[in-house]
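# What the coordinates show
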Amino acid sequence: MSYRPGPLNLITDVDGISIGNAHDDKVMSGVTVILPDPDAIASVDVRGGAPATRETDALDPSSLVESVHAVVLSGGSVFGLDSATGVTQWLSDHGRGFTFATQPRACPVVPSACLFDILNGGDKAWGPTAPYRQLGIDACERASSQFSLGNVGAGYGALAGRYKGGLGSASAVIDGITVGAIVAVNSFGSPVIPGTNRFWAQLAEIDGEFGGLAGLPMELTAASRSLTTDTKAAMVADAAAAGANTTIAVVATDARLTPSEAKRFAVMATDGFARALRPVHTPFDGDTVFALATGRRELEGPRPLALAMLGAAASDSLARAIARGVYEAETLGPWLSYRQSHRPA
């Protein structure tokens, strides 16, 4: 399968998707809003053992709801769920949502997932009102096709194993259809092969998008295997103590999918986690992947085959987005970035 990134190499290469980010420097946390225009067929796949989510049950293909008006990724653990309240209010105020003849107030559907950045050193003593509702509103106001990666939005306070985590994104165009991913990387597992400076996702890299180290030479994979079990266990323990954890993502396509097809799209895309992070889907993570289909383009040829190709591209794009998020992140407080940790002597 061959594909190239879209013009921006961001999820916003998908027609009908915009992204808004907001963060609080003092709290060291933030919010990312994914806004389809006007809505999108949606589904979700939850693999982690400790999710913090909202409205995911509504995305079951057997449920009444088929489309959503936004998806929210947030820091703050359970407190971050309040960010979706702010986004819901903003969308309703702008007339975006389901409307009913006897009730002029628009009622948007806004599923969300949160990562755990409570222990990252930021000031979480915010008193009776957490900042996330307002951060959700601020993120909506800033929605655009252009956005930065690394220490922004939901990735602002994220950690990835021993490294500073961040917000990552990538895209791919296959047979005229675009697939994109956005992810806040706050993982228990490491994005980097232990004992090396190589990302697990290195084989998926395109055009040096996360360092251009390319390939996995045998001496590097051998170096990883040579680490003792005790050493690897210590690395994992450090990661758990630091991040305590969760990687949350959205994959999107401009293809027209049914709700059940969107579910399979999300399931296939989730494999991108396993290609970029090890270990993954642990009891300490709340790993969650939302899928959006904006329906701007029709699938051609046998639908199951076309869907399989889109799902494979989404998996690769998500793996690339994870590595990009970590690669673009900057050192924050005591948490060293990948590039500072592996800078040349």
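Here's what I pulled together on the structure shown here. (Residues numbered from 1 in each chain as written. Predicted model: local features only at pLDDT ≥ 70, side-chain atom pairs only at ≥ 80, totals over all residues. Heavy atoms only, no water.)

On to the side chain of Thr294. Following the sequence through the fold, Thr294 ends up in strand 15 (residues 288–297). A polar contact of 2.9 Å, which involves the side chain of Thr294, links it to the backbone oxygen of Asp15. Not counting residues up to four positions away in its chain, the partners in contact with Thr294 are Val14, Asp15, Gly16, Ile17, Ala40, Thr253, Asp254 and Ala255. (Helix = DSSP H or I, 4+ residues; strand = E, 2+ residues; numbered from the N terminus. Polar contact = N/O pair within 3.5 Å; in protein donor to acceptor, adjacent residues only side chain to side chain. Contact = heavy atoms within 4.5 Å.)

Attention shifts here to helix 2 (residues 132–141). Considered for burial, the residues of helix 2 that qualify are Tyr132, Leu135, Gly136, Ile137, Ala139 and Cys140. On the buried face of helix 2, the contacting elements are strand 1 (17–24), strand 2 (29–36), strand 6 (71–74) and helix 1 (82–93). (Buried < 20%, exposed > 50% of the residue type's maximum accessible area, 1.4 Å probe, protein only.)

Another point: the packing of helix 1 against helix 2. Closest axis-to-axis distance for the helix 1/helix 2 pair is 6 Å, and the angle between their directions is 45°. Regarding the angle of helix 1 to helix 2, the classification is oblique. Every pair of crossing elements has a handedness; the one defined by helix 1 and helix 2 is right-handed. Facing helix 1, whose interface residues are Asp82, Ser83, Thr85, Gly86, Val87, Gln89 and Trp90, helix 2 presents Tyr132, Arg133, Gly136, Ile137, Cys140 and Glu141. Of the residues belonging to the contact of helix 1 with helix 2, the class tally is five nonpolar, five polar and three charged. (Axes fitted to C-alpha atoms, helices over the stretch in contact; angles between N-to-C directions. Parallel < 35°, antiparallel > 145°, perpendicular 65-115°, else oblique. Left-handed = near helix turned anticlockwise from the far one by under 90°. Nonpolar A, V, L, I, M, F, W, Y, C, P; charged D, E, K, R; others polar.)

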